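Report on the structure
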Amino acid sequence: MEEMVIANETNKDNLRKAILKNHTFILFIILALVMIIGSIFVPSLVQKGNLLNVLRLASIVGLAAIGSTVVLLVGEIDLSIGSIMSLTLVTGGLMVGYGSVPALVVTCLTGIVLGIINGVFVTKLKINSLMVTLGTMSVFGGLANVATRGQSIFLYDSPFYLWLGRGYVAGIPVPVIIFLFVGIVLSLLLKFTKTGKEIYFTGANKRAAWISGINTNKIKVIAYAVSGLTAALAGPLLSSQTNRITPIQGVGFELSAIAVAVLGGTSLIGGKGTIIGTILGALTFQLLLNILTLSGVGTYMEQVLKGFLLIVIVVIYQVIDKPRK
Amino acid sequence: MQEPLLFLKNIHKEFPGVKALKGVDFTLEKGKIVSLVGTNGAGKSTLSSIIAGIYPPNQGEIFIEGKNVTISDPKVAEQLGIGIVHQEPTLVPNMTVVENIFLNKEITRSGFVLDINKMKQESEKVLEFLGFQIDVDKKVEELTLVEKEVVVIAKAMLLKPRILILDEVTAPLNKVEVDHLFKIIKDLKANGMGIIFIGHKLQEIIEISDSIMVFRDGKNVGELIPTEKLSEKEVIALMLGVILNEDLEAGEKAPESEQREEVLKLVSLSKLGLYEDINFTLHKGEIVGFAGLKGSGITELFQSLQGIITFDDGEMYVKGKRVKFKNPKDGIESGIGMVTNDRQKEGLALTLDVKENITVSSLKYLLNKFRLIETKLLKHNAEKYVQALSIKTPSINQFVQNLSGGNQQKIVIAKWLLKNLDIILVDEPTRGVDVKAKNEIYKLLINEKNNGKSLLVASPEIRELLTICDKILIVISGRIVSTVHRNTKEFNEEDILNIIHSAHHN
């Protein structure tokens, strides 16, 4: 019996190490499995039109998830991105009359500013980021409603916005191109810049990072700014699916973004995670949602799926990540 | 003949890639203290883990009072009367003493309601038995380090163990605290308990043990009985399998160092409640030691010098320029960095690898012309320091949490050396570090001194300071009471201890 216990222990350790090392590969496998098994139950899954649509929607949530990843890497959380999406969308939307491109620029800049506000509150107020961004989620969301007095803005006059969300370039949906572009750029920045390395170190051990000379406050503000920017960027893409901007566009979106980031292997404690993981997470997540929709389970299952996924993933990663002893 | 309390026969233990124990026999009698010594990886922790039920052996038998037992998990170990106390007090800081002692072992009335009075009574009984007065309603975070250790021991004592394993419990304590703890251990021994003591400070081990079991390379290479004549050298020789030359060439340039360039000057530096009126000067190529009991304010003084905390009054000059650091980054820019006494919480990112930890403070210098990280350069620098400091790691991509204490400590030092700081502050340089690595770290620090760096070293081990420092400042309750220079007759452990104790009682 003793021999058996040892064998199990060794195998478990090896398995754990293998998973940690080949993280991305495993995510690929999971994605492939979901696709294959899904197509058995719902054959329409793999139709070209449907897949393109899945890609499009995955890119939108994935874009925001990239921002969430960066904030999680730093050891914090941003619950306000749904509201940032709403508010930046509305600010930009009100400017559409002055031209679509300037409106988009305003949207993005507002996203950065709101992100910086989050970052400053989190670093200066000494309240944990869960509470702070819960607060800003309320404030920003409320402001969005105030600005539009609860009404929607229609996008008939902006072919650019419609193209952003629904257009194609060389057969590829525009959101996918934007998503991959942002993903690659951020991935390179994280890996090859001083700031990127400082982000990882701050998330891994904030105090040691600080004593080692990293300006951890600055790093956190930067992370929140990125989060705000990606949320802002995802907004127009999402709203052009429905041809209008509503002040509650982003409600619930933060949970999707965080679920995707965590699904892609980003740790909720900080210091661990990759952009490629998040990209794969977004694809897997959207595919799962799509299977639910196509199989007639209903779009309201999305919320249930999100919550369920989050719990399952966190538990799995807890088990895998537990250090020996 | 009476059966021994604990007898392990021919124990083998293998982990993936390494044979930790290769046929070890071990005996523990009632009312005796056996110490396990050996360098890291020699097998002593593995053996004690097997006894505590943390994992089973691959081969071998265990007998308790003659009866063959299988210790399949820690709960079984507890039931068999085996208790273990670890180095870092595993207590919940914001819970009270009684809550901690009874954590997971709460006494209930009819299985539901907590019987708080009974728990308090039992806690007080145990603490009294250990000879300690601690308010059981006090929150653990308010206790001193010794009191925390006592609470952890009380926890282990709850189940009335007949075998107690003490794993590195004296690492964070100074001499006075250790004496206190030893008195408790001797009382337990007198009551018939068998005690297994694991530690690195050989002096203590020789003092407390009835016998010393030396591990090397997974084998029991000898049992030494501490008589009048047993010296540390003998124990170390057995541990390393070599004859050790303990005399390091330190501070032969000491008299001259005071004529060298001044790198740090403190004038009447004070911080309310921590230290007061600190005056001293540090020169290039000098190692200055700080000795004192816990609570002497030395750690806080060092922290103030890098900017981890700020001082209240007084003046600080670095190379003649007046400074006051508000954060650690400023301290680093002026050439000062601290190796703190808690490398895991303050010195390293355990989940990152060796190269990331060594280079974290020097990223600015590893950028190419596009302000991007030159990975080759980063790796090269990390390799350079791993070699130079003899850091034992399979590669620079190894996660730091997998390395031993001594190697982790070297990585923190490497981080500052790569940054090329002028002044390095080291608080407890060899805490939780084995003998071999200890010597390597001493050589390291002396080497840097010879390269023109200046070091401040704080340590509860006077011997350590005597080995490497040019002079030692004695600090009591935040004030410098005395300075002892190398090559003077007071530069020895007994005299320095006397100064500390007499100053403390005044």
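Residues numbered from 1 in each chain as written. Chains lettered and ligands numbered in written order. Predicted model: local features only at pLDDT ≥ 70, side-chain atom pairs only at ≥ 80, totals over all residues.

A look at the packing of helix α3 (residues 48-73) of chain A against helix α8 (residues 174-192) of chain A
All names here are of chain A.
- Look at α3 against α8: their axes get within 8 Å of each other, and the N-to-C directions meet at 30°. In terms of axis orientation, α3 runs roughly parallel to α8. At the point where α3 passes α8, the crossing takes the left-handed sense. When α3 is examined against α8, the residues L55, R56, S59, I60, G62, L63 and I66 are found in contact with a partner set consisting of P175, V176, I178, F179, V182, G183 and L186.
- Along the lines of polarity and charge, the residues of the contact of α3 with α8 split into ten nonpolar, three polar and one charged. (Axes fitted to C-alpha atoms, helices over the stretch in contact; angles between N-to-C directions. Helix = DSSP H or I, 4+ residues; strand = E, 2+ residues; numbered from the N terminus. Parallel < 35°, antiparallel > 145°, perpendicular 65-115°, else oblique. Left-handed = near helix turned anticlockwise from the far one by under 90°. Contact = placed C-beta atoms within 7 Å. Nonpolar A, V, L, I, M, F, W, Y, C, P; charged D, E, K, R; others polar.)

Quick word on the pairing of strand β21 (residues 471-476) of chain B
Residue and element names in this part refer to chain B.
- Where burial is concerned, most of β21 is hidden: six out of the six residues are buried.
- Neither face of β21 is left uncovered, since the one carrying K471, L473 and V475 and the one carrying I472, I474 and I476 both have all their residues buried.
- The sheet contact formed by strand β15 (residues 287-291) and β21 spans four bridges and is parallel. Its bridge partner lying in β21, F290 is registered against L473.
- As paired strands, β21 and strand β22 (residues 479-485) are joined by six bridges and run antiparallel to one another. (Buried ≥ 20, exposed ≤ 12 C-beta atoms within 10 Å, placed from the backbone. Pairing = 2+ DSSP bridges.)

What to know about the sheet that holds strand β17 (residues 321-323) of chain B
Residues and elements named next belong to chain B.
- A sheet is described by the order of its strands in space; here four strands give the open sequence β14-β13-β16-β17, paired in antiparallel fashion. Two strands in the sheet have a free side with no partner beyond their single neighbour: β14 (275-283) and β17. Ignoring strand direction, the axes of neighbouring strands in this sheet form an average angle of 20°.
- Direction of pairing for strand β13 (residues 262-271) relative to β14: antiparallel, over a ladder of six bridges. Paired with K265 across the strands is T281, a residue of β14.

Some remarks on the interface of chain A and chain B
- Taken residue by residue, the interface counts 24 residues in chain A and 25 residues in chain B.
- Breaking the side of chain A that touches chain B down by element, the ones donating at least two residues are α1 (2-21), α9 (194-204) and α10 (206-211) of chain A.
- Here the side of chain A that touches chain B gets six residues from one element, more than from any other, and that element is α1 of chain A.
- Here the side of chain A that touches chain B is built from residues that sort into ten nonpolar, eight polar and six charged.

Thoughts on the nonpolar core
- Grouped together as the largest cluster of nonpolar side chains are 153 residues, with contacts concentrated most on V61 of chain A together with L425 and V457 of chain B.
- Aside from chain neighbours lying at most four places away, what touches L425 of chain B is F302, L305, Q306, I336, M338, V339 and L456 of chain B. (Core = buried A, V, L, I, M, F, W, Y, C linked by C-beta atoms within 7 Å.)

Observations concerning the environment of V139 of chain A
- Tracing the backbone shows V139 of chain A in helix α6 (residues 129-148).
- Remark: the alpha-carbon pair of V139 of chain A and F160 of chain A, spanning 21 residues in sequence, is separated by 30 Å.

Quick look at the pairing of strand β3 (residues 33-37) of chain B
Residue and element names in this part refer to chain B.
- Among the five residues that make up β3, five are buried, leaving the element largely enclosed by the rest of the structure.
- Looking at chain direction, β3 and strand β10 (residues 194-198) are connected through four bridges and run parallel. By the bridge assignment, I33 is partnered in β10 with I195.
- As paired elements, β3 and strand β11 (residues 211-216) share four bridges and run parallel to each other. By the bridge assignment, V34 is partnered in β11 with S211.

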